[in-house]
Amino acid sequence: MGSKYTNRYSDEYKRDAIELVRSSGRTVTEVARELGISSESLRGWAKKARAAQDNGSGPGVVRAADDRDEELKRLRKLTAEQAKTIEILKKATAFFVKESDR
């Protein structure tokens with residue numbers, strides 16, 4: 001959670017700002033000054049995008065990582081639920097096999 005004074009920028013705005021730095025040949029500080037944002041923010045966005053591109057993530061890096069984390073969390077929860085269901089079914093099967101042997 002950031003400060004109440006911190007501006008929030010959309011992923012699209014961040015991508016456009018990063019692309020402006022890449023395509024213009026100007027420094028991060030010059031582009032940030034022109035856009036009216038903190039040069040440290042823009043530098044951080046560019047660094048994250050570069051790291052994600054090096055990892056093969058491409059555009060939409062922040063969103064893709066968040067989506068991937070959410071999907072992983074959902075799948076782990078589903079796996080745990082299915083493991084519990086399998087255990088219950090094994091116990092029920094064993095019970096009914098014993099009952100049918102009587």
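It should be noted that the structure appears before, not after, this text.
Computed from a prediction, not measured in an experiment: that's the story for all the values here.

Cut-offs and rules
Residues numbered from 1 in each chain as written. Predicted model: local features only at pLDDT ≥ 70, side-chain atom pairs only at ≥ 80, totals over all residues. Heavy atoms only, no water. Helix = DSSP H or I, 4+ residues; strand = E, 2+ residues; numbered from the N terminus. Expected span 1.5 Å × (residues − 1). Buried < 20%, exposed > 50% of the residue type's maximum accessible area, 1.4 Å probe, protein only. Arc of directions from axis to C-beta. Contact = heavy atoms within 4.5 Å. Core = buried A, V, L, I, M, F, W, Y, C linked by side-chain atoms within 4.5 Å. Axes fitted to C-alpha atoms, helices over the stretch in contact; angles between N-to-C directions. Parallel < 35°, antiparallel > 145°, perpendicular 65-115°, else oblique. Left-handed = near helix turned anticlockwise from the far one by under 90°. Polar contact = N/O pair within 3.5 Å; in protein donor to acceptor, adjacent residues only side chain to side chain.

Visitor: Explain helix α1 (residues 11-24) to me, using residue names and the numbers behind them.
Guide: The terminal C-alpha atoms of α1 lie 20 Å apart, and with 14 residues this matches the ideal 20 Å at 1.5 Å per residue to within 8%. Taken as a whole, α1 has its buried residues at A17, I18 and V21. All buried residues of α1 lie within an arc of 95 degrees about the axis, which places them on one face of the element. Relative to its buried face, α1 has exposed residues pointing more than 90 degrees away, namely E12 and S23. Packing partners of the buried residues in α1 comprise α2 (28-35) and α3 (39-54). Once α1 ends, the next one or two residues include G25, with phi positive near 80 degrees.

Visitor: Quick one: what's the story with the nonpolar core, residue by residue and with numbers?
Guide: If you look at the biggest cluster of nonpolar residues, it comprises eleven residues: A17, I18, V21, V28, V31, A32, I37, L42, W45, A46 and A49. Of all elements in the fold, only α1, α2 and α3 reach the threshold of two or more residues within this core. Looking at this core, the element that brings in the most residues is α3, giving four residues. Apart from the residues lying within four places of it in its own chain, the contact partners of A17 are V31, L35, L42 and W45.

Visitor: Quick one: what's the story with the packing of α1 against α2, residue by residue and with numbers?
Guide: Two elements in contact, α1 and α2, have axes separated by 9 Å at closest approach and are oriented at 135 degrees. The angle between the axes of α1 and α2 places the two elements in the oblique class. Classified by chirality, the crossing of α2 by α1 is right-handed. Contact residues: α1 offers Y13, A17, L20, V21 and S24, while α2 offers V28, V31, E34 and L35.

Visitor: Explain α3 to me, and be specific about the residues and the numbers.
Guide: With 16 residues, α3 should reach 22 Å at 1.5 Å per residue; the first-to-last C-alpha distance of 22 Å fits that figure. If you check which residues of α3 are buried, you get L42, W45, A46, A49 and A52. Projected down its long axis, α3 carries its buried residues within an arc of 130 degrees, all on one side. Away from the buried face of α3 by more than 90 degrees, exposed residues E40, K47, K48 and D54 are located. At the N-terminal end of α3, a side-chain oxygen is found 3.1 Å from the backbone nitrogen of E40, two or three residues along, and the residue is S38.

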